[in-house]
Amino acid sequence: MKKIFLLIWCLNFFNCFSQTPIEINLDPEEIEVSDLGLGDIAESIEYIPLETKDECLIGENVYFDFDETHIIIGYYNCNTLYLFDRQGHFIRTIGTKGEGPQEFNGIHNIFLNSNHIVIDDASKVLIFDKEGNFIWSTSFPIDDRYVASYFNEQFLRVAESYIFRDSTYYVYDIYNQTGNLVKEAIPSVPISLKKDSQWRLSYKCKEINPVYIYQNQLHVREYLNDTVYTINGLNQFIPKYVLNLGKYKITPEIQADIKNFENHINNKVIITEIAETSNKLLMHYFYKWKFHSCYYDKKERKVYKFASDGFPNDYDGGVDFLNMYPIYGQKNNYIRTSFQAGEFIDKGEKCLSKKRPAKGPKSAVNRFKDLVMKKVDAEDNPVLMIVKLKD
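All figures in this text were calculated on a predicted structure; none of them were measured in a lab. (Residues numbered from 1 in each chain as written. Predicted model: local features only at pLDDT ≥ 70, side-chain atom pairs only at ≥ 80, totals over all residues. Heavy atoms only, no water.)

## Examining the confidence of the model for the protein
Next, step 1: Per-residue confidence for the protein gives a mean pLDDT of 88, with 88% of residues at or over 70.
Next, step 2: Overall, residues 11–17 carries pLDDT values under 50, and its contacts beyond four positions in sequence, including any with other chains, amount to 6 contacts. (pLDDT = per-residue confidence, 0-100. Contact = heavy atoms within 4.5 Å.)

## Some words on the pairing of strand β21 (residues 237–244)
Next, step 1: Of the pairings in the sheet, the one linking strand β1 (residues 22–25) to β21 comprises 4 bridges and is parallel in character. Residue I22 lies in a different strand from β21, and its bridge partner there is Y241.
Next, step 2: Across 5 bridges, the pairing between strand β20 (residues 227–231) and β21 is antiparallel. Paired with T227 across the two strands is V242, which belongs to β21.
Next, step 3: A loop of 5 residues connects β20 with β21, the two strands running antiparallel in sequence, and N235 in this loop sits at a positive phi of about 60 degrees. (Pairing = 2+ DSSP bridges. Helix = DSSP H or I, 4+ residues; strand = E, 2+ residues; numbered from the N terminus.)

## Points about the side chain of N232
Next, step 1: Mapping N232 onto the fold places it in the loop between β20 and β21.
Next, step 2: Engagement of the side chain of N232 in a polar contact is seen with the backbone nitrogen of L234, the distance being 2.9 Å. (Polar contact = N/O pair within 3.5 Å; in protein donor to acceptor, adjacent residues only side chain to side chain.)

## Concerning the pattern of salt bridges
Opposite charge on two side chains allows them to pair when their charged atoms are near.
Next, step 1: Summed over all chains, the structure comprises 23 salt bridges.
Next, step 2: K331 is the salt-bridge partner of D65, the closest N and O atoms lying 2.9 Å from each other. Of this pair, D65 sits in strand β4 (residues 62–66) while K331 sits in the loop between β25 (302–305) and β26 (334–339), and the two are 266 residues apart along the sequence.
Next, step 3: Given a relative accessible area of 5%, D65 falls into the buried group.
Next, step 4: A salt bridge links K124 to D121; its shortest N-O distance comes to 2.9 Å.
Next, step 5: Residue K124 is classed as buried on the basis of its relative accessible area, which comes to 10%.
Next, step 6: With a relative accessible area of 5%, D121 lands in the buried category.
Next, step 7: Residues joined by salt bridges that share partners form a network here, namely D143, R145, R157 and D173. (Salt bridge = Lys/Arg side-chain N within 4 Å of Asp/Glu carboxyl O. Buried < 20%, exposed > 50% of the residue type's maximum accessible area, 1.4 Å probe, protein only.)

## What about unusual backbone geometry?
Next, step 1: Of note, the phi angle at I186 is positive, near 60 degrees, even though the residue is not glycine.
Next, step 2: With respect to the element layout, I186 can be found in strand β16 (residues 181–187).
Next, step 3: Phi at N235 takes a positive value of approximately 60 degrees, unusual for a residue other than glycine.
Next, step 4: Residue position: N235 is located in the loop between β20 and β21.
Next, step 5: N235 gets classed as buried once you look at its relative accessible area, which sits at 11%.

## Re the environment of I213
Next, step 1: Structurally, I213 can be placed in strand β18 (residues 211–214).
Next, step 2: Residue I213 is classed as buried on the basis of its relative accessible area, which comes to 13%.
Next, step 3: Sequence separation between I213 and F151 is 62 residues; the distance between their C-alpha atoms is 9.2 Å.

## Things to note about the pairing of β16
Next, step 1: Where strand β15 (residues 170–176) and β16 come together, 5 bridges link them in antiparallel fashion. Paired with Y170 across the two strands is P187, which belongs to β16.
Next, step 2: From the end of β15 to the start of β16, which pair antiparallel, there are 4 residues, and G179 there has a positive phi angle of about 85 degrees.

## Regarding the environment of V189
Next, step 1: For V189, the location among the structural elements is in strand β17 (residues 189–190).
Next, step 2: What makes V189 partly exposed here is its relative accessible area of 28%.
Next, step 3: Residues V189 and S161, spaced 28 residues apart in sequence, show a C-alpha to C-alpha distance of 9.5 Å.

Right under this line is the structure:
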């Protein structure tokens, strides 16, 4: 019996390395436009206006994560995080900005995982419970990486570029909860950087989200690179997709020319976010200084462009789904974005004036109308949008 189990384990182990990644060809000038919208790919849409009180005023450039019952949110240069329930009612603040061992210097990322709230401030992570109690902290080396995911009680750190002077530098590393290095993966591309000699890292494109979770499995993609990997239970990085951009790809040479990078990218494609369902790969991308959206049909093996910049909202006739900055990754069947209240009202009023068609239930259509016309004020806290995708 033990031999049988060992044989099965070995077959699974070697199968991981025999998988051939699927190549996806994306030419922004040749993509056929589709009439697909959220009405076809969304099971539900939540709009969550966050309660506005003096003790929980939220600024711009928000970061948030959520679970079945709560939402944790912060924003650029905030002094604390804010915990809300899933209906948007304020509960309490979490953590404090400062120099102490239980305080954060700044926020690079936040995660809500089971009963833990995780704050990444680059040099360490702080873990709190939902009552606001500090539990523990874990320190990391101070380098060019940041924590992109807290998953299966491990921290995945990602470099903000895959171009380095030192070819032995790894783009990814994984640490356990006690701060011990578990894995390093994907060597960087060595190239001579066209900048001062102290620079080891090429251009950082912070508008890209390198991580998404689908079917409870972590997927990663290097910044401005073309390969999507899955990370299995053995912490092996398995190539799953290769995004072939052809002449529209940002080459290592372009990325290494930090000073002139932005002068070279007008006719290049930057894929900013990926989400996945059983039959589609949904993508936002940046081309000719504008955001666009497309999807890869797994059955047809073909890329189609959405009819609007984001994912068109023909579910409830509301605002289109588009992640710009900060960009939040897919969390299993959920994708998410946020709007400043005034922005939400402006976009919502335009949608209502156009009387956009809706394939979703009438109750969803009426809820969106009610939010725009009655329940949200332009000076209120942000409105969160959480879409549950069909699978």
